[in-house]
Amino acid sequence: MKPSLQCPTCSRPIADLSHTASRVTCVFCKTRFGVVYGKLSRRTSIYETLLHFSSKLPTFYRRHYTLQITTADRNLKLLQFSVPGKIDNLPVQLGDIVSALYTLQGYLMKKLVVITNHTTGKQYVPPNPIPSASYIKITLGTVVLGLLLGSFVVGVNLFLVSAVSAVGVLLLLKMTDTAQLSTPCFGNLWSGRGSFNDGSEASGA
């Protein structure tokens, strides 16, 4: 049986994975997706403590994943993403045949929507689609530019608006889960916060 994908929007079959196409379109709802399909050749996972006040109050964590996928045409793709929580719930292991499906903005990743383990039949669907780092930057840049233009028009202090916007952007980037797809650089498999590249499971302090 050929591995296949289902559309997360309308739950209809959208493609079989016997080819190496990187983009597919659902013929029913016309949603365009990007797809990475192949053998999982590297997997790392590490958690980060976001907020910790005291032992009597809840602590908030984020878990970062790095998946290196070797495609059928022997290309390497590196998928990195983060999700809320401390526990590793991603049902994929080294050697499994996996696929990652994401929505597109032009030809770039917009949001990661589902990861499927075709070896076991299990899926990982994040609580919400995970936006890519480039999509977040474009969105935040548009919002900040709008605030600056609006403050200029109404005569509000531009320095104050800029400072508040900068702090808000930094806090939002700190708290937002992101995803990115790239060609791996073997010297540093996690290009986000910190570095971890020995291919095994790890837990942050």
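Below you will find a few notes about this structure. Every residue gets a number counted from 1 within its own chain, in the order that chain's sequence is written. A pLDDT threshold of at least 70 governs which residues receive local features in this predicted model, and a stricter bar of 80 or more applies before side-chain atom pairs are shown or counted, although totals over entire chains, interfaces and linings include all residues. With hydrogens and water set aside, each side-chain value is computed from the structure's full complement of heavy atoms.

In this section: a nonpolar patch on the surface. Together, L51, F53, L57 and F60 make up a nonpolar patch on the protein surface, roughly 410 Å² of accessible area in all. According to the relative accessible area criterion, L51 is partly exposed, its value standing at 32%. Candidates for patches are residues over 30% relative accessible area with no salt bridge; among them, like charges are joined within 9 Å and nonpolar side chains (Val, Leu, Ile, Met, Phe, Trp, Tyr) within 5 Å. Methods summary: accessible areas were calculated by the Shrake-Rupley approach with a probe of 1.4 Å, and residue burial reflects only the protein chains presented. Any Lys or Arg side-chain nitrogen located within 4 Å of an Asp or Glu carboxyl oxygen qualifies as a salt bridge. We call a residue buried when its accessible area falls under 20% of the maximum for its residue type, exposed when it is over 50%, and partly exposed in between, using a 1.4 Å probe and counting protein chains only.

Here the focus is the packing of aromatic side chains. Here a pair means two rings of Phe, Tyr or Trp (six-membered ring of Trp) with centres within 6.5 Å. Their orientation is stacked below 30 degrees between planes, edge-to-face above 60, and tilted elsewhere. A full pass over the atoms with the stated rule returns two aromatic pairs. On the basis of an interplanar angle of 25 degrees and a centroid distance of 5.1 Å, the ring pair of Y65 and F81 is categorised as stacked. Within this pair, whereas Y65 is found in strand β5 (residues 60–71), its partner F81 is found in strand β6 (residues 76–84), the two being separated by 16 residues in sequence. F81 shares its class with Y65; the two are buried. The rule is short: NZ of Lys or CZ of Arg within 6 Å of the ring centre and within 35 degrees of the ring normal puts a charge over the ring. A cation sits over an aromatic face here: R12 above F28, 4.4 Å from the ring centre. A run of H or I in DSSP counts as a helix once it spans at least four residues, and a run of E counts as a strand once it spans at least two, with each numbered from the N terminus.

Moving on: the environment of C26. Note that C26 resides in the loop between β3 (23–25) and β4 (32–51). For C26, a relative accessible area of 0% translates into the label buried. Separated by 13 residues in the primary sequence, C26 and P13 place their C-alpha atoms 7.7 Å from one another. What makes two residues a contact is simply this: any of their non-hydrogen atoms within 4.5 Å. Ignoring anything within four residues of it in the chain, the contact list for C26 reads C7, C10, I14 and T31.

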